[in-house]
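Observations on chain architecture
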Amino acid sequence: MLRKFILLLVSFTLIFAVFLPQDIGAANDSVTIAEETVNIRNGPSLSYQLVKQVKKGEKFTILKEKGDWIQIQLSATKTGWVANWVVTKSSKGTTMPSIDKKTTAEANTDQLRVRSGPGSSFRIIGYLNKGQAVTVLEDNENWLKVTAAFGEGWVAREYIDVKNTTSNPSKKENSIGNGIVTDTLNIRSEPSETGTVIGKLTKGSTIRIFSKKSNWLEIEYANQKAWVSADYVQMGTESQPPKTEQESIGTVTASNLSVRSDSSLNSKIIGSVSKGQKFTILAEVNNWVKIEYQAGKIGWAAGWYFNRDKTSPKQLAKDSKVTILHNGTNIRKDPNTQSNVLQRANEGDSFPVKSVTNDWYEITLPNGTNGFIAGWLVTTNGAGPEIGKQGAEGYLRYKTIVIDPGHGGIDNGATGTSGTLEKELTLRTAHLLTDKLKAAGANVFLTRSNDSFLPLPSRVRMASVHQSDAFISLHYDSNIDRNVRGMTGYYFHSFQKKLAEAVYYSTNAQTKLKSRGVRSGDYHVIRENQRHAVLMELGYLSNPAEEMTLTSGQFQESVATGLFNGLARYFKE
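Here goes a summary of the coordinates provided. Nothing here was measured: the structure is a model prediction, and the numbers come from that model. (Residues numbered from 1 in each chain as written. Predicted model: local features only at pLDDT ≥ 70, side-chain atom pairs only at ≥ 80, totals over all residues. Heavy atoms only, no water.)

1. What to know about the sheet that holds strand S43 (residues 515-520)
As a reminder of what qualifies: For two strands to pair, DSSP has to find at least two bridges joining them. Strands are runs of DSSP state E lasting at least two residues, helices are runs of H or I lasting at least four, and both sets are numbered from the N terminus onward. Axis definition: a line fit to C-alpha positions, over the contact stretch in the case of helices; interaxial angles, taken between N-to-C directions, run 0 to 180 degrees.
Taken in spatial order, the six strands of this open sheet run S40-S39-S41-S44-S42-S43, and their pairing is mixed. Across the chains shown, the open sheet's two edge strands, defined by having one partner strand only, are strand S40 (443-446) and S43. Geometrically, the sheet is characterised by an average inter-axis angle of 20° between neighbouring strands, direction not taken into account. The pairing of strand S42 (residues 487-491) with S43 spans four bridges and is parallel.

2. Concerning the pattern of salt bridges
Going by this rule: One speaks of a salt bridge when a side-chain nitrogen belonging to Lys or Arg is within 4 Å of a carboxyl oxygen belonging to Asp or Glu. Note on exposure labels: buried denotes an accessible area under 20% of the residue type's maximum, exposed denotes more than 50%, and partly exposed covers the range between, all computed with a 1.4 Å probe on protein chains only.
Scanning the entire structure with this criterion turns up seven salt bridges. For the salt bridge of Arg-527 with Asp-522, the shortest nitrogen-to-oxygen distance reads 2.9 Å. Residue Glu-528 is joined to Arg-527 by a salt bridge in which the shortest nitrogen-to-oxygen separation is 2.8 Å. According to the relative accessible area criterion, Arg-527 is partly exposed, its value standing at 26%.

3. Notes on the packing of aromatic side chains
Counted only if it meets this: Any Phe, Tyr or Trp ring, taking Trp's six-membered ring, that has another such ring centre within 6.5 Å forms a pair; planes under 30 degrees apart are called stacked, those over 60 apart edge-to-face, and the others tilted.
Considering all chains together, one arrives at four aromatic pairs under this definition. Ring plane angle 80° and centroid distance 5.1 Å describe the contact between Tyr-504 and Tyr-505, whose orientation is recorded as edge-to-face. The class for Tyr-505 is partly exposed, based on a relative accessible area of 42%.

4. Some details on the pairing of S42
Definition in use: Call a crossover right-handed when, viewed with both strands pointing away from you, the route from the first strand across the helix to the second goes clockwise.
The element S42 is extensively covered by neighbouring structure, given that five of its five residues are classed as buried. The two faces of S42 match: Met-487, Gly-489 and Tyr-491 on one face and Thr-488 and Tyr-490 on the other face are all buried. A crossover connection joins S42 to the parallel S43 through helix H5 (residues 497-511); in handedness this β-α-β unit is right-handed.

See the structure below:
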């Protein structure tokens, strides 16, 4: 009898334990608020009392999880519960710490390259010197989007130090007017040609002027007094750009091109222009042009859809010089890559510029002869026009791409040997890829932007609704054999194979994982998808060594770059 009682007691205990609420400890993890305003409650359901509201971007340490709810540390003495579908979860040590938007930071090295997007494949649009201050706009794990007097651009995160400095708002109230920069312009520490160059302004930039001294204008740059030459500034307002004798005329090359309220794909569409129409280019900012698209109506359009008339050459100042960026750079007889090489130059060599032909500078060599050098291999001294080589981003502009981070919410997907959740890693990769694509001018849609569950048919439906040019489903693999490793690409329909091959081979080459090839796969998101689609298995979380690689910041940057370049290659071909 006693033995039966003990067995019954043990059985009851085990059954009771099964039905107890299962709290998952997660003290080393954190969440970032993904929606604009989120309610925090004093218990794990919507029926509990509201204790606080938090804003998008705020981060909190996870104490534990219960079902679809996460308990977080609000302060030293206060905790609360947040729904897991309104936050992004990350494990400690897997990502770089986030930086608040509008934070002031400064470069910690000289000649820090500023790029048009978050990646080394994007073209260089400027440079920062050590100590030069910027404002952080966006955080992309390994890259930061910053703004300063030169405009907006992306820099490698490791070369930026965050500073808790503030600007002097009272200074701005004492300005004597605005001006528009008419050419690339050096910013100097003193009102003299001998003053140290501390930055650059691009053509079309609007500046606020505080005083004038001889032929120099005082501006505010990096929270300090700075000076620019008045020769390259047209006094006036941003809405009344200057007209010069050599105004550039642009011809629209797109069949139907949107005109926007500002120089950004996110700004409001206010009109449109058609192929063959000609417009005077009133100003330029970051490859966007300002035009009078209708009588009395001014707007911005994408500059890469304009051909410039040959009768409107790029302005060239008398003292224009170019400086070589790389050792062994070819100087050619004519302005093309097939021309004979006259000599080779090294990093730091400087030459006077005689003229500009398309994307080539004609330069004067020390022996008095002339040669040509590609504009994307040099930097100018600020008096000459900047020339950039169209990179991979040129093939992605206006393409519609749907990114599908696999799994999410109640569906964790694969779990790594050290606890990595596939649903979190696919979302991390998706966000990095999204920023690169958006910087290239693509229209990007995510099937999920946080840790939420979405049925497979709904994911496919997004590709159809948005009429996507490409659908990329991101996954990480698993196998009971922990020795299995490598990357695999899948397609289902024959018309999807070309996209799958372009994306797979580019990504595999970039990451250098073991290649498992491109295969036909019977997966819902590609089988039921009538758009060009690919499902990428980006490595095995079940392999302990590969899991460590997959979760590293270096790999995540490489895999996002590989996917980005693969898409560009597909559209190029």
